[in-house]
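The chain contents come next:
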Amino acid sequence: MNAILKGHVKSKSTNKVLLLFRNTWRRRRGDDCSIDSSTVLLVLKACMMRSCEEEIKHVHTLVLKLGFHCIIFVQTMLVNAYSGVGLVNDAHKVFDEMRERNVVCWTGLISAYVDNGRPSRALKLFRDMQMENVEPDSVTVTVALCACADLGALEMGEWIHSYVRHKRGFKMDLQLKNAVINMYAKCGDIGAARRMFDDMGGSRNVTTWTSMIVGHALHGQAEEALRLFEEMRSRKHGVMVPNDVTYIGVLMACSHAGLVEEGRRHLESMSKVYGLSPRMAHYGCMVDLLCRRGQLNDAYQFVVHMPIRANAVVWRTLLGACSLQGNIQLGAKVRRQLLELEPDHARDNVTMSNAYAAACMWDAKENVRAQMKHTRKVPGCSSIELESSVHEFVS
DNA sequence: CTAGGGTTAG
């Protein structure tokens, strides 16, 4: 049965995994049951891919019933599964109950915090792990560098980089090198990122190129980003095929440099040349680009004619630009769209009321304010990391 | 032969 489940997981037929598992469980006879710990791993993986939290909890109770709860593979998978559906506390609970913890389950918990937007907690655990004399491997370090990137924690990132360079027998693989580039780029040291990139010569993959392109774009070095994009596709480096994330970097660069036509061309070539379908983020970049150039009406037309329905974030980009550039008429139109999508979003009303105020349209401003009193406010941002920051690295 | 790693608009 595990072979069949494995096939279904591989082909992403997760519903078949769950159906087969439920049937087998229902028809079991006594303790003669074909469900073993490997079955549980596959089922948990399927649950995670479908993000069914209830099913994961159910499998967890089954795990206890079947006596698999002391198997480290099962425990680690439970940590990953809970994390995958956003239940970090449950993941941590499973981890706390583990008798033995090796580098894999530590890494699983650290990733859980990174994946759920708590990088400083992840770095604290990275330190705790070393206090317990568990040596990080290349996977752990890759995840920890991700946390540094998210936090902008340059010093910690440098420590980790120096740790992996000086530790005897530590193998720096491609994914780890990519994480180093990303960390330096996100933490503001674009020079260090570029040095790593240059040192890698012919061993770069698409992610390497993409990280560097995004890095330059984030640093406002649009020309260099676009130059790298052309270089990666040139014969010189074999046939490097960009992916959809590469195009995010390219469009960010165009946005920074105000290159409307070039941006449009790239967005088109993305699907025409490489068969990649643009996602909301790509259209968002394009809207941002048009707005920055002051082409608000073009931006509006672009949003209306997009092949996918714009989300609130895209409309909000446009609303922000209308407010900033004092285009009241368009701003009001955009706000109507936003009210349909997210009627409770208080900040949009604030933006709009500020726009009216900037245009000295006091009555209109009053109207928006009055309207706000009738709707419940939803804070735009509500979580703050209340944990001590990480100051040092155990080496 | 079972568990962990990615680069993503504002």
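Per an unreviewed UniProt entry, chain A carries the name Pentatricopeptide repeat-containing protein and comes from Stephania yunnanensis.

**Q** So what's going on with the overall build of chain A? Residues and values would help.
**A** Within chain A one finds 22 helices and zero strands. Taking all 395 residues of chain A together, the buried fraction comes to 47%. Within chain A, residue pairs in contact and separated by at least 24 positions form 62% of the contacts whose partners lie at least 6 positions apart. For chain A, the exposed area adds up to about 20800 Å²; of that, 50% sits on carbon and sulfur atoms. With 50 positive and 41 negative side-chain charges, chain A shows a separation of 5 Å between the mean positions of the two kinds.

**Q** Describe the nonpolar core, naming the residues involved and giving the relevant values.
**A** With 122 residues, the main nonpolar core has Leu318 and Val334 as its most contacted residues. When residues of this core are assigned to their parent elements, the largest contribution, eight residues, is made by helix α7 (residues 103-115). Not counting the four nearest positions on each side in its chain, Leu318 is found in contact with Cys291, Leu296, Ala299, Tyr300, Val303 and Val334.

**Q** I'd like a description of the protein's contact with DNA strand B, backed by residues and values.
**A** Lining the immediate environment of DNA strand B, one finds 43 residues, of which Asn102, Asp137, Lys186, Val245 and Val313 sit closest. Within 4 Å of the protein, the atoms of DNA strand B are drawn from sugar and phosphate moieties in a proportion of 38%. In the environment of DNA strand B, a base nitrogen lies 3.1 Å from a nitrogen or oxygen atom belonging to the side chain of Thr76. One nitrogen or oxygen atom from the side chain of Asp288 is found 3.5 Å from a phosphate oxygen belonging to DNA strand B. A class-by-class count of the residues in the surface near DNA strand B yields 19 nonpolar, 17 polar and seven charged.

**Q** Give me the lowdown on the side chain of His282, citing residues and values where you can.
**A** By secondary structure assignment, the location of His282 is in helix α17 (residues 280-292). On the basis of relative accessible area, His282 is assigned to the buried category, the value being 0%. Here Asp244 takes part through its backbone oxygen, which lies 2.7 Å from a polar atom of the side chain of His282. Sequence-distant contacts of His282, that is, excluding residues within four places in its chain, are made with Asp244, Tyr247, Ile248, Leu251, Leu267 and Met270.

**Q** Could you give me a rundown of the domain arrangement of chain A, with the residues and numbers involved?
**A** Considered domain by domain, chain A is made up of domain 1 (1-97), domain 2 (101-203), domain 3 (204-274) and domain 4 (279-395). Taking the mean C-alpha position of each, domain 1 and domain 2 sit 29 Å from one another. Domain 1 puts 12 residues into the contact, and the matching count from domain 2 is 14 residues. Here domain 1 and domain 2 share an interface that buries about 1100 Å² over both sides, 64% of which is from carbon and sulfur atoms. It is Val88, His92 and Phe95 in domain 1 that bury the most area against domain 2; as a group they hold 52% of the surface buried on that side. Counting residues per element, the ones that place at least two in the side of domain 1 that touches domain 2 are α5 (72-84) and α6 (88-96). It is α6 that contributes the most residues to the side of domain 1 that touches domain 2, six residues altogether. Grouping the constituent residues of the side of domain 1 that touches domain 2 by class yields five nonpolar, six polar and one charged.

**Q** For unusual backbone geometry, give the residues involved together with the corresponding values.
**A** The phi dihedral of Ser51 falls on the positive side, at around 45 degrees, and the residue is not glycine. Take Ser51: its relative accessible area is 47%, and that puts it in the partly exposed class. Phi is positive for Asn133, close to 60 degrees, though the residue is something other than glycine. Within the secondary structure layout, Asn133 lies in the loop between α8 (119-131) and α9 (138-151).

**Q** Tell me what's going on with the packing of helix α3 (residues 37-50) against helix α4 (residues 53-66), and back it up with residues and numbers.
**A** Between α3 and α4, the least distance of the axes is 9 Å, while the angle of their chain directions is 165 degrees. Between α3 and α4, the interaxial angle falls into the category roughly antiparallel. Judged by the sense of rotation from one axis to the other, the crossing of α3 with α4 is left-handed. On α4, the residues touching Val40, Val43, Leu44, Cys47 and Met48 of α3 are Glu55, Ile56, Val59 and Val63. Classifying every residue of the contact of α3 with α4 by side-chain character gives eight nonpolar, no polar and one charged.

Cut-off values and rules
- Residues numbered from 1 in each chain as written.
- Chains lettered and ligands numbered in written order.
- Predicted model: local features only at pLDDT ≥ 70, side-chain atom pairs only at ≥ 80, totals over all residues.
- Heavy atoms only, no water.
- Helix = DSSP H or I, 4+ residues; strand = E, 2+ residues; numbered from the N terminus.
- Buried < 20%, exposed > 50% of the residue type's maximum accessible area, 1.4 Å probe, protein only.
- Contact = heavy atoms within 4.5 Å.
- Areas by Shrake-Rupley, 256 points an atom, 1.4 Å probe, with all protein chains shown as cover.
- Lys, Arg positive; Asp, Glu negative; His and termini not counted.
- Charge placed at Lys NZ, Arg CZ, Asp CG, Glu CD.
- Core = buried A, V, L, I, M, F, W, Y, C linked by side-chain atoms within 4.5 Å.
- Near = heavy atom within 4 Å.
- Polar contact = N/O pair within 3.5 Å; in protein donor to acceptor, adjacent residues only side chain to side chain.
- Nonpolar A, V, L, I, M, F, W, Y, C, P; charged D, E, K, R; others polar.
- Domains from an automatic or database assignment.
- Buried area = accessible area lost by both parts, 1.4 Å probe.
- Axes fitted to C-alpha atoms, helices over the stretch in contact; angles between N-to-C directions.
- Parallel < 35°, antiparallel > 145°, perpendicular 65-115°, else oblique.
- Left-handed = near helix turned anticlockwise from the far one by under 90°.

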